[in-house]
Amino acid sequence: MASRGYFFVLLHAFVFATLATSAFSKLSPNYYDFSCPKALSTIKSVVEATVKKERRMGASLLRLHFHDCFVNGCDGSVLLDSTSSIDSEKKATPNFKSARGFEVIDDIKKAVDEACGKPVVSCADIVAVAARDSVVALGGPTWKVELGRRDSTTASRKAANANIPAPTFNLSQLITNFKNHGLDEKDLVVLSGGHSIGFARCIFFRNHIYNDSNNIDPKFAKRLKHICPKKGGDSNLAPLDKTGPNHFEIGYYSNLVQKKGLLHSDQELFNGGYTDALVRQYSYGHVAFFEDFANSMIKMGNTRPLTGNQGEIRVNCRKVN
Ligand code: HEM
Ligand SMILES: *[C@@H]1O[C@H](CO)[C@@H](O)[C@H](O)[C@H]1NC(C)=O
Ligand SMILES: *[C@@H]1O[C@H](CO)[C@@H](O)[C@H](O)[C@H]1NC(C)=O
């Protein structure tokens, strides 16, 4: 009797957990298995060819997914161009002259629609898969991308300005911002490891190298001042991870421990606060970092997707149908 009761409790827990997960995300890694079995391999081959030509594009594609998800969920809103009724997110401060990779997404969309014979794969899903394939192409971990997101019919420059974290943020602002997107302190620290690849413009780190003298290695700051003068050179680039911006690895965290974070917001993660321990842990080896990064990317990718009859599958990622 007792064991039968136990069995029912377990069964209940299982059914409940299954329902709860599906009610939350409604996405599935197998979403296109029947409607377009070639979707994933097509995206992968375009990303691989692109990253082979220009390593940085892998970083830019990862960032695009982040900027999509942090503005009203992962719904492809970041891809929409301005029209009389669309206030493009591309013009928001964090994206203007900064977000890249839109042409690559267009190329992928064309290739995928051709492979499928019709437009069945959403632009939001393409961005999510391209981000994963980019990380893999640059030596990082892989994960199963949950799929089935639909595309928004709106965009919001205002929401982009309000919701994408700024490099001037302190630790508590970063934590609050991530909490607002359903992500915790660990997600913040591990997803910031995305800065193990790619570049930043002088305008985003100038204040950190000239004014944050209590929280930056002086030699590191001095070297950067050659790239980023006090005035002018706003678009001059420095690698976010000085150990190598084209390889996804733990150098980002070792930099932070040495007070060599490029952005103020990066160094805030290791500045005497309680995220220090986690930064130190990730700096020890890539196993924990890779595993946690993969899990947090899935979590970020599940942010408020449009599903079912919501939104649409765009034909052109830059335009509402
Ligand atoms: C924690 C808060 C974050 C802040 C304040 C932040 C801020 C920035 C800034 C200012 C840049 C430089 C942009 C430019 O100069 O044009 C940048 C680049 C980048 N960010 Fe973040 N970021 C954050 C989190 C993330 C996350 C969660 C990811 C991905 C998981 C990410 C991925 C990237 C990548 C890959 C680049 C380089 C892009 C390229 O080279 O084109 N960032 N970020
Ligand atoms: C972080 O910044 C916010 C907004 O500027 C400020 O209110 C808060 O006191 C700062 N927190 C710390 C710990 O410096
Ligand atoms: C350093 O901070 C001061 C005071 O906030 C500001 O006026 C100045 O422009 C900053 N310098 C740089 C190079 O960002």
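Residues numbered from 1 in each chain as written. Chains lettered and ligands numbered in written order. Predicted model: local features only at pLDDT ≥ 70, side-chain atom pairs only at ≥ 80, totals over all residues. Heavy atoms only, no water.

As for the overall build of the protein chain
Part 1 of the argument: Of regular secondary structure, the protein chain possesses 14 helices and 2 strands.
Part 2 of the argument: Its C-alpha atoms give the protein chain a radius of gyration of 21 Å, near enough to 20 Å, the size a compact globule of 321 residues would have.
Part 3 of the argument: Expressed as lengths along the three principal axes of its C-alpha atoms, the size of the protein chain is roughly 65 × 60 × 35 Å.
Part 4 of the argument: Looking at the protein chain as a whole, 52% of its 321 residues are labelled buried.
Part 5 of the argument: Nonlocal contacts in the protein chain, meaning residues at least 24 apart in sequence, comprise 75% of its contacts between residues at least 6 apart.
Part 6 of the argument: Carbon and sulfur atoms provide 57% of the accessible area of the protein chain, an area that totals close to 15500 Å².
Part 7 of the argument: If the 41 positive side-chain charges of the protein chain are averaged to one point and the 31 negative ones to another, these points end up 4 Å apart. (Helix = DSSP H or I, 4+ residues; strand = E, 2+ residues; numbered from the N terminus. Rg over C-alpha atoms; globule rule 2.2 N^0.38 Å. Buried < 20%, exposed > 50% of the residue type's maximum accessible area, 1.4 Å probe, protein only. Contact = heavy atoms within 4.5 Å. Areas by Shrake-Rupley, 256 points an atom, 1.4 Å probe, with all protein chains shown as cover. Lys, Arg positive; Asp, Glu negative; His and termini not counted. Charge placed at Lys NZ, Arg CZ, Asp CG, Glu CD.)

Overview of the packing of helix α7 (residues 171-180) against helix α8 (residues 185-192)
Part 1 of the argument: Relative to each other, α7 and α8 sit at 105 degrees, their axes nearing to 9 Å. With respect to α8, the element α7 is oriented roughly perpendicular. Contacts between α7 and α8 pair Leu171, Leu174, Ile175, Phe178 and Lys179 from the former with Glu185, Asp187, Leu188 and Leu191 from the latter.
Part 2 of the argument: In terms of residue class, the contact of α7 with α8 is made up of 6 nonpolar, no polar and 3 charged. (Axes fitted to C-alpha atoms, helices over the stretch in contact; angles between N-to-C directions. Parallel < 35°, antiparallel > 145°, perpendicular 65-115°, else oblique. Nonpolar A, V, L, I, M, F, W, Y, C, P; charged D, E, K, R; others polar.)

Thoughts on the packing of aromatic side chains
Part 1 of the argument: In the structure shown here, the tally under the stated rule is 13 aromatic pairs.
Part 2 of the argument: Residues Phe70 and Phe178 carry aromatic rings whose centres are separated by 5.0 Å and whose planes lie at 65 degrees to one another, so their mutual orientation is edge-to-face. Taken together, the residues span a long stretch of sequence, with Phe70 in the loop between α3 (56-69) and α4 (102-116) and Phe178 in helix α7 at a distance of 108 residues. Both residues of the pair, Phe70 and Phe178, count as buried.
Part 3 of the argument: Taken together through their ring pairs, the aromatic side chains of Trp143, Phe248, Tyr252, Tyr253, Tyr282, Phe289, Phe290 and Phe293 make up a single cluster.
Part 4 of the argument: Note that Lys90 overlies the ring of Phe102, its terminal NZ or CZ placed 4.2 Å from the centroid. (Phe/Tyr/Trp six-rings, centres within 6.5 Å; stacked < 30°, edge-to-face > 60°. Lys NZ or Arg CZ within 6 Å of the ring centre and 35° of its normal.)

Some remarks on the pattern of salt bridges
Part 1 of the argument: Enumeration over the complete set of coordinates arrives at 14 salt bridges.
Part 2 of the argument: Asp81 serves as the salt-bridge partner of Arg318, at 3.5 Å between the closest nitrogen and oxygen. One end of the pair, Arg318, is in the segment after α14 (286-301); the other, Asp81, is in the loop between α3 and α4, with 237 residues separating them in the sequence.
Part 3 of the argument: Among the residues examined, Arg318 registers a relative accessible area of 21% and is labelled partly exposed.
Part 4 of the argument: We classify Asp81 as partly exposed; its relative accessible area is 26%.
Part 5 of the argument: Arg157 is the partner of Asp87 in a salt bridge, and the nearest nitrogen-oxygen pair spans 3.1 Å. You can see Asp87 sitting in the loop between α3 and α4 and its partner Arg157 sitting in helix α6 (residues 157-163), a full 70 residues away along the chain.
Part 6 of the argument: A relative accessible area of 35% means that Asp87 is categorised as partly exposed.
Part 7 of the argument: Note on Arg157: relative accessible area 34%, which makes it partly exposed.
Part 8 of the argument: Put simply, Asp81, Lys90, Asp106 and Arg318 are held in one network by salt bridges that share partners. (Salt bridge = Lys/Arg side-chain N within 4 Å of Asp/Glu carboxyl O.)

What about the coordination of the iron atom of ligand 1?
Part 1 of the argument: No protein donor other than His195 (NE2) coordinates the iron atom of ligand 1, and that contact is at 2.0 Å.
Part 2 of the argument: By the element assignment, His195 lies in the loop between α8 and β1 (199-201). (Donors = N, O, S within 2.8 Å, 3.2 Å for Na, K, Ca; no water.)

Quick notes on the UniProt feature "domain: Plant heme peroxidase family profile" (unreviewed entry) in the protein chain
Part 1 of the argument: The UniProt record annotates "domain: Plant heme peroxidase family profile" (unreviewed entry) at residues 26-321.
Part 2 of the argument: A helix fraction of 48% and a strand fraction of 2% characterise residues 26-321, whose end C-alpha atoms lie 24 Å from each other. (UniProt positions renumbered as here; feature names shortened; annotations may be inferred.)

Let's talk about the state of the cysteines
Part 1 of the argument: All told, the structure shown has 4 disulfides when counted by the stated rule.
Part 2 of the argument: The side chain of Cys36 participates in a disulfide bridge whose partner is Cys116; the two sulfur atoms lie 2.1 Å from each other. Taking the torsion about the S-S bond as the criterion, the Cys36 to Cys116 disulfide, at about -80 degrees, is left-handed. Of this pair, Cys36 sits in the loop between α1 (2-25) and α2 (39-53) while Cys116 sits in helix α4, and the two are 80 residues apart along the sequence. (Disulfide = S-S within 2.5 Å.)

Some thoughts on unusual backbone geometry
Part 1 of the argument: Positive phi, close to 55 degrees, is recorded for Asn72, a residue that is not glycine.
Part 2 of the argument: Its place among the elements puts Asn72 in the loop between α3 and α4.
Part 3 of the argument: Among the residues examined, Asn72 registers a relative accessible area of 37% and is labelled partly exposed.

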